[in-house]
Amino acid sequence: MTDIPRLIIDTDPGQDDAAAILMALGWDALGKIKLEALTCVAGNVPLAYTAKNARIICDWAQRENLPVYAGADRPLLKPLITAEEVHGKNGLDGVTLHEPRTPLQAQHAALYLAETLTAAAPHSITLCPIGPLTNLALAFSLAPHCVQGIKEIVIMGGTFFEPGNVTPNADFNFFVDPIAAQIVLQSGASIRIVPLDVTHQACITRERMNRLRALPNQNGTRLADILQSYERFDIQKFGLDGGPLHDPCAIAYALHPEWFTCKTVHVAVETATGLCEGASAVDWHGTTGKTPNAEWAYRIDDEAFFDGFTEAVTALP
Ligand code: BDR
Ligand code: CA
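Residues numbered from 1 in each chain as written. Chains lettered and ligands numbered in written order. Predicted model: local features only at pLDDT ≥ 70, side-chain atom pairs only at ≥ 80, totals over all residues. Heavy atoms only, no water.

1. Description of the packing of helix α1 (residues 15-29) against helix α11 (residues 246-255)
Here is the rule we go by: Convention adopted: a line fitted to C-alpha atoms gives each axis, helices being fitted over their contacting stretch, and angles between N-to-C directions are expressed from 0 to 180 degrees. Only DSSP runs of H or I covering at least 4 residues are called helices, and only runs of E covering at least 2 are called strands; the numbering of each starts at the N terminus. Put simply, angles under 35 degrees are roughly parallel, angles over 145 are roughly antiparallel, angles from 65 to 115 are roughly perpendicular, and the rest are oblique. Residue contacts are defined here by distance: any two heavy atoms, one from each residue, within 4.5 Å place the two residues in contact.
Where α1 contacts α11, the axes come no closer than 6 Å and their chain directions differ by 30°. Taken together, the axes of α1 and α11 lie roughly parallel to each other. Packed against α1, whose contacting residues are Asp 16, Asp 17, Ala 19, Ala 20, Met 23, Ala 24 and Trp 27, the element α11 presents His 246, Asp 247, Pro 248, Ile 251, Ala 252 and Leu 255 at the interface.

Written out as structure tokens, the structure reads:
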């Protein structure tokens, strides 16, 4: 029997982050993965909201025992850019929010990551960063040796074949903290990247939204309400078929890499300001001669993915 993946999600919830966290909690309930913690970062909305939203999502899944940590409240070297126009002022537009019961841990998220990964058995923990990479970059800077505990890092970020969603050529997560992204890419850990190239193939179409809404549990309806609010932006602005499930794709990759087609490449992120800030330079044809540092996903079996997503959400209260 293969080992159950142990996951830590680093997140900035965010509506599609909420979908990703609920997906992971559903698979955890089914015994398919073991979700060990949520670490929060500023991104879609400021840290005060992301750390609160993560705890509210745990409440929804009746997982008040899941440790939630707050980390960086801004990128390493630039001012924070947020995305309230997509996710709403508090980050979870579409539903009414309550005061969370799940406690916030006292430790800083970056310290938690540094200590946990340093103490972990070699190559034992999968990290799924689905927001700006500031917390991971801080942890790797504090304790470079902690990389030893990482099995793989599945990053939602970047874009190469698809236009960017925040500038013409950058995705939000890499653009918000390009230096952090570059630190993570150079960390030497085993890295898989789930970029817009793939997540724009994983949209929640009308038929899928109806399936989600028809689920008999509260979280199915709740997620349909959140994603219905979320999709307006992407349909209007990018002409997509529905809201792209960016962040759930990273969770899916951690458990089902066979749903994705990838190429082994060298990836670097532009850290200079200017037209290409935060863009991912993917050496598709090996023109630089640099040693590959990542698996770049560029195709997804979106039907299998959505079936898996539905299976996970169905397992929730
Ligand atoms: C990423 O940006 C955020 O708005 C989403 O949550 C996702 O992580 C996509 O570029
Ligand atoms: Ca996110």
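2. A closer look at the site of ligand 1
Basically, it comes down to this: The cutoff for a nearby residue is simple: one of its non-hydrogen atoms must lie within 4 Å of the molecule or strand. N or O atoms within 3.5 Å of each other form a polar contact, as long as, within protein, one can give a hydrogen and the other can take it, and as long as residues adjacent in sequence are counted only when both atoms are side-chain atoms. Residue exposure ignores everything except the shown protein chains as possible cover, and the areas themselves are Shrake-Rupley values with a 1.4 Å probe. Note on residue classes: Ala, Val, Leu, Ile, Met, Phe, Trp, Tyr, Cys and Pro are nonpolar, Asp, Glu, Lys and Arg are charged, and everything else, Gly too, is polar.
If you check the shell around ligand 1, you find 13 residues, and the closest are Asp 16, Asn 44, Asn 165, Asp 171 and Asp 247. In the environment of ligand 1, an oxygen atom lies 3.0 Å from a nitrogen or oxygen atom belonging to the side chain of Asp 17. At a separation of 3.2 Å, an oxygen atom of ligand 1 approaches a polar side-chain atom of His 87. About the coverage of ligand 1: the protein hides 96% of its 280 Å² of free accessible area. Contributing elements (two or more residues each) for the shell around ligand 1: α1, α6 (172-176) and α11. Of the residues belonging to the shell around ligand 1, the class tally is 4 nonpolar, 5 polar and 4 charged.

3. Structural notes on the packing of aromatic side chains
The relative placement of two aromatic rings is captured by the distance of their centres and the angle of their planes. Rules: A pair of Phe, Tyr and Trp rings is counted when the ring centres sit within 6.5 Å of each other, with Trp represented by its six-membered ring. The angle between the planes then sorts it: under 30 degrees is stacked, over 60 is edge-to-face, the rest tilted. Over a ring means this: the NZ of a Lys or the CZ of an Arg is within 6 Å of the ring centre and within 35 degrees of the ring normal.
Applying the stated criterion across every chain yields a total of 10 aromatic pairs. An aromatic cluster is defined as three or more aromatic residues linked by ring pairs; in this entry it consists of Phe 160, Phe 161, Trp 284 and Tyr 298. In this structure, Lys 78 is placed above the aromatic ring of Phe 175, and the distance from its NZ or CZ to the ring centre is 3.9 Å.

4. What to know about the packing of helix α5 (residues 134-142) against helix α7 (residues 178-185)
Rules: Each helix crossing is assigned a hand: it is left-handed if the near helix lies turned anticlockwise from the far helix by less than a right angle, otherwise right-handed if that turn is clockwise.
Packing of α5 against α7 leaves a shortest axis separation of 8 Å and a crossing angle of 55°. One way to sum up the angle between α5 and α7 is to call them oblique. For the pair α5 and α7, the crossing hand works out as left-handed. Where α5 approaches α7, its residues Thr 134, Leu 136, Ala 137, Phe 140 and Ser 141 are matched on the opposing element by Ala 180, Ile 183 and Val 184. In terms of residue class, the contact of α5 with α7 is built from 6 nonpolar, 2 polar and no charged.

5. Brief notes about the sheet that holds strand β2 (residues 34-40)
Applicable threshold: Between any two strands, at least two bridges found by DSSP are needed for them to pair.
Taken in spatial order, the 9 strands line up as β4-β3-β2-β1-β5-β6-β7-β13-β10 in an open sheet, and their pairing is mixed. With partners counted over all chains shown, the strands left at the sheet margins are β4 (104-108) and β10 (260-265), one partner each. The average undirected angle you get between the axes of adjacent strands in this sheet is 25°. As paired strands, strand β7 (residues 191-194) and strand β13 (residues 294-300) are joined by 2 bridges and run parallel to one another. Note on β13: the bridge partner recorded for Ile 193 is Trp 296. Seen against the sheet, α1 touches β1 (6-11) and β2 and runs at an angle of roughly 155° to β2.

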